[in-house]
Amino acid sequence: MRNTTFVQMVALAFGATIFMISCTNQRSQHSRNTLFDWVTDDSNVNDIPLLENHSIAIDLSGADLNQSIALSELLAGVKLVQLDESPHFLIGDIDKIIFNDSLIYMLDRYVHNSLQVFGRKGEFIKAITPTGNGPNELQSISDFDVDADGVYIYDNWGAKFHHYSHQWSLIEEWKVPLRVSTFRKIGDKKWLFSNIDNPNGHFLSLDDGDIVVWDQGGEHFLKFSSPLFNHHATDFTPRDVTRNNSGIITAMLRFHPEIYRWDNETNSFETLITIDLGNKGLTAKEYQSIGPSFIEERKKDQKFYSFGRHFVTEKWIGVEFSRSKGNPLFIFHDRLTGRTLHGTAIKFDVPGLLSFSLPWSCQGNTCIAHIELPRIKKSDVESYIALLKEKKLHSDELERLIRTVDDIETPILAIMTLQ
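Residues numbered from 1 in each chain as written. Predicted model: local features only at pLDDT ≥ 70, side-chain atom pairs only at ≥ 80, totals over all residues. Heavy atoms only, no water.

Draft legend 1. Representation of the packing of aromatic side chains in the model. By the definition in use, this model includes 26 aromatic pairs. Both rings, one in Phe332 and one in Phe356, keep their centres 6.2 Å apart while their planes meet at 80°; by these two values the pair is edge-to-face. Pair noted here: Phe332 is in strand S24 (residues 329-334) and Phe356 is in the loop between strand S26 (345-347) and strand S27 (361-363), with a separation of 24 residues, a long-range link. In this structure an aromatic cluster arises from ring pairing among Tyr152, Tyr154, Phe161, Trp174, Phe183, Trp191, Phe193, Trp214 and Phe221. Residue placement shows Arg298 over the ring face of Phe294; its charged tip is 4.8 Å from the ring centre. Directly above the ring of Trp360 sits Arg309, whose terminal nitrogen or CZ lies 5.1 Å from the centroid. (Phe/Tyr/Trp six-rings, centres within 6.5 Å; stacked < 30°, edge-to-face > 60°. Helix = DSSP H or I, 4+ residues; strand = E, 2+ residues; numbered from the N terminus. Lys NZ or Arg CZ within 6 Å of the ring centre and 35° of its normal.)

Structure below.
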């Protein structure tokens, strides 16, 4: 009787083991099929070609870079907007701004990690913050984009997207098989990723990619690697910048003197503009040797280099180059006339504007930037306003802000109309 019972127990245990293995295999297979059964297949990764068609060459190798740019040559007008901060959601850093006809979206990635929404007059509307790590929750807000179909938020920690309607109801959540810092929606189920943090080990061939395009519908990837140097061979975190102005999709990689324009039809980049700063910019050898000593070397030679800050419209291309000490170098190229403005100093001759920074984003011929108010004492307000009127820089908006804003850290936006 004992032997019979023992045999039965062994048979039951063996059968249960087989059943568990079978269920495990089924679950594993189901998981691969419904999530990323293709993520370990590098045959789905192709290189993005770089074309040189119709590229603009700006040669400033022999130019005096320390010139002054009159803002009136670039701007036709400016409107100042004071953001009405919610008492519950403060703005720390400004890491991205997108705007449309009615709303302004602002990302604070590091200080308060929030996406805040304002009206075009600066009134606070809504804030989105991380909620958790469960389904339909966000662990972090790493980046966002906006189009006619809603708002898209990327969670780097959770490696997933949330798609919201413009009324802020969650439409869909889905996983992404790589970790990035920034993205752009460039088509229906088509995404351009930059600042690749970690491809999660799914695609070894994405490790050297600076920009990755994911065709979500076709489940394949395209990658673009810098033609000048390998970002991932350096100790610098990628800080590449991409822009999308009414379908003009551009990228400027960190340190690079070039802007690339994306072509959705051919899935390729073309060099839109190349800027030659001569011995005041980085040489080919210096690009290849970028490493831990880069900052110390730039302190010594004071050469200009790019952090990717740029904007592109149908008429204008704007670029900012930094250096270790001193003012940045601004370059503005008129694509219609071929004229180029450049300089390290700004001449303020547009009423209402007393500080300038390169726009965060543009829609058509209108761009938006974050500026600072002058640091003046209350006792000096009247004389300062009189001086503005004398220099023809006065505007009613500017006077109101100077009189009413108590905290000079209050975010002020400049909505600029280009010439």
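Draft legend 2. Seen up close, the side chain of Ser165. Summarising the element assignment, Ser165 is placed in the loop between strand S12 (160-164) and strand S13 (170-175). On the basis of relative accessible area, Ser165 is assigned to the buried category, the value being 11%. Looking at Ser165, its side chain comes within polar contact range of the side chain of Ser169, at 2.9 Å. In this view, Ser165 contacts Gly150 and Ile171; residues no more than four positions away in its chain are not counted. (Buried < 20%, exposed > 50% of the residue type's maximum accessible area, 1.4 Å probe, protein only. Polar contact = N/O pair within 3.5 Å; in protein donor to acceptor, adjacent residues only side chain to side chain. Contact = heavy atoms within 4.5 Å.)

Draft legend 3. Representation of the nonpolar core in the model. By size, the foremost hydrophobic cluster in this structure holds 33 residues, and its most contacted members are Leu75, Leu80, Phe311, Phe332, Leu353 and Phe356. Those elements giving two or more residues to this core turn out to be strand S5 (75-82), S24, strand S28 (366-371), helix H4 (381-390), helix H5 (396-404) and strand S29 (412-418). Broken down by element, the residue count for this core peaks at four residues, all from S29. For Phe332, the contacting residues outside a window of four places in its chain are Ile69, Leu74, Phe311, Trp316, Ile317, Gly318, Arg339, Thr340, Leu341, Phe356 and Leu358. (Core = buried A, V, L, I, M, F, W, Y, C linked by side-chain atoms within 4.5 Å.)

Draft legend 4. Representation of the side chain of Glu258. Relative to the helices and strands, Glu258 is located in strand S20 (residues 258-263). Despite its burial, Glu258 pairs with no opposite charge; the closest candidate is Arg261, at 15 Å N-O. Among the polar contacts made by the side chain of Glu258, one reaches the side chain of Tyr260 at a distance of 2.6 Å. Those residues in contact with Glu258, other than ones at most four positions away along the chain, are Pro227, Ala251, Met252, Ile273 and Thr274. (Lys, Arg positive; Asp, Glu negative; His and termini not counted. Salt bridge = Lys/Arg side-chain N within 4 Å of Asp/Glu carboxyl O.)

Draft legend 5. Highlighting H5. Among the residues of H5, those classed as buried are Leu398, Glu399, Leu401 and Ile402. On an axial view of H5, the arc spanned by its buried residues comes to 165°, and they lie on one face. Residues of H5 that are buried make contact with S5, H4 and S29. (Arc of directions from axis to C-beta.)

Draft legend 6. Region of the structure containing the pattern of salt bridges. On inspection of all chains with the given rule, the structure shows 13 salt bridges. Of the charged contacts in the structure, one is a salt bridge between Arg403 and Glu382, with a shortest N-O distance of 2.6 Å. Within this pair, whereas Arg403 is found in helix H5, its partner Glu382 is found in helix H4, the two being separated by 21 residues in sequence. Look at the salt bridges and you will find they share partners, linking Glu286, Glu297, Arg298, Asp301 and Lys303 into a network.

Draft legend 7. Representation of the sheet that holds S27. Spatial ordering of the open sheet is given by S5-S29-S28-S27, a layout of four strands whose pairing is antiparallel. Both outer strands of the open sheet, S5 and S27, are each paired with one neighbouring strand and no more. Within the sheet, the average angular offset between the axes of one strand and its neighbour, ignoring direction, is 25°. Pairing of S28 with S29, which is carried by six bridges, proceeds in the antiparallel orientation. Within S29, the position partnered with His370 by the bridge is Leu413. Where H5 meets the sheet, its contacts fall on S5 and S29, and the angle it forms with S5 comes to roughly 30°. (Pairing = 2+ DSSP bridges. Axes fitted to C-alpha atoms, helices over the stretch in contact; angles between N-to-C directions.)

Draft legend 8. Representation of the environment of Trp191 in the model. Along the chain, Trp191 turns up in strand S15 (residues 190-198). As for Trp191 and Gln216, which are separated by 25 residues in sequence, their C-alpha atoms are 7.6 Å apart. Not counting residues within four places of it along the chain, the set of residues in contact with Trp191 comprises Tyr152, Phe161, Trp174, Phe183, Arg184, Lys185, Ile186, Val212, Val213, Trp214 and Gln216. Looking at Trp191, its side chain comes within polar contact range of the side chain of Gln216, at 2.9 Å.

Draft legend 9. Quick peek at the state of the cysteines. Counting across every chain of the model gives one disulfide. Disulfide pairing places Cys362 opposite Cys367 at an S-S distance of 2.0 Å. Taking the torsion about the sulfur-sulfur bond, which here is approximately 100°, the covalent link between Cys362 and Cys367 counts as right-handed. Cys362 gets classed as buried once you look at its relative accessible area, which sits at 3%. (Disulfide = S-S within 2.5 Å.)

Draft legend 10. View of unusual backbone geometry. Its identity is not glycine, yet Ser246 carries a phi of approximately 50°, on the positive side. Inspection of the secondary structure puts Ser246 in the loop between strand S18 (241-245) and strand S19 (248-252). The phi dihedral of Lys392 falls on the positive side, at around 60°, and the residue is not glycine. Summarising the element assignment, Lys392 is placed in the loop between H4 and H5.

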